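# Structural description and commentary
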Amino acid sequence: MTQPALAPRNALVGVLVVWGVALVASVGVGIFVPEEWRVPWLLVAFGCVVLLSFAVQLWYGRTQGFIFRVGGSAIGALLLMGVISVGFALAALVA
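This report concerns the structure included in the present document. Every residue gets a number counted from 1 within its own chain, in the order that chain's sequence is written. Note on the predicted model: pLDDT of at least 70 is required for a residue's local features to be given, and 80 or more for side-chain atom pairs to be given and counted; whole-chain, interface and lining totals, by contrast, use all residues. Computation of side-chain values: all heavy atoms of the structure, hydrogens and water removed.

What follows concerns the overall build of the protein. Here a strand is any run of E in DSSP of at least two residues, a helix any run of H or I of at least four, and the numbering for each starts at the N terminus. When helices and strands are tallied, the protein shows 3 helices and 0 strands. Along the protein, from the amino end to the carboxyl end, the secondary structure elements read α-α-α. Within these notes, the globule rule equals 2.2 Å times the number of residues to the 0.38 power, and the radius of gyration is based on C-alpha atoms. The C-alpha radius of gyration of the protein comes to 17 Å, more than 25% above the 12 Å expected for a compact globule of 95 residues. Relative to all contacts within the protein whose residues are 6 or more apart in sequence, the contacts with residues 24 or more apart total 74%. A 1.4 Å probe and the Shrake-Rupley method give the accessible areas. Residues count as covered only by the protein chains that appear here. Split by element, the accessible area of the protein, about 6,700 Å² in all, is 78% carbon and sulfur. Contacts are assigned to residue pairs with any non-hydrogen atoms lying within 4.5 Å of each other.

What follows is the structure, given as structure tokens:
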């Protein structure tokens, strides 16, 4: 006798969690880190976000679409962090 399949978790939630962490990390780096150290710390934060995206999608437990979900998480986080870092760079130029 087979057990009924449980409803799978929503894969979009994992992607949105990674994007939220990227948002918080990039704003935190922009606020708390001096200007000359922002780029290296943004790179460290992005590396942590990529590792987080792998961990979240592995926890999800489905092989179908794994690369697509990890890629979407990482590319979305990269774009989000890039836009925020451009905002902080423009704010530094004005000030």
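Residues three or four positions apart in an α-helix share a direction because the helix packs 3.6 residues into each turn. Its 23 residues give helix H2 (residues 38-60) an end-to-end C-alpha distance of 32 Å, which sits within 8% of 33 Å, the value for a rise of 1.5 Å per residue. Using a 1.4 Å probe on the protein chains alone, a residue whose accessible area is under 20% of its type maximum counts as buried, one over 50% counts as exposed, and one in between counts as partly exposed. Listed as buried for H2 are Arg38, Leu42, Ala45, Val49, Ser53, Val56, Gln57 and Tyr60. Where H2 is buried, its residues touch helix H1 (11-32) and helix H3 (66-94). Positive phi shows up at Gly61, right after H2, with a value of about 85 degrees. By definition here, a helix of n residues has an expected span of 1.5 Å times n minus one.

The end-to-end C-alpha separation of H3 is 42 Å, in line with the 42 Å expected for 29 residues at 1.5 Å each. Where H3 is concerned, the buried positions are Phe66, Arg69, Val70, Ser73, Ala74, Gly76, Ala77, Met81 and Ile84. Along its buried surface, H3 packs onto H1 and H2.

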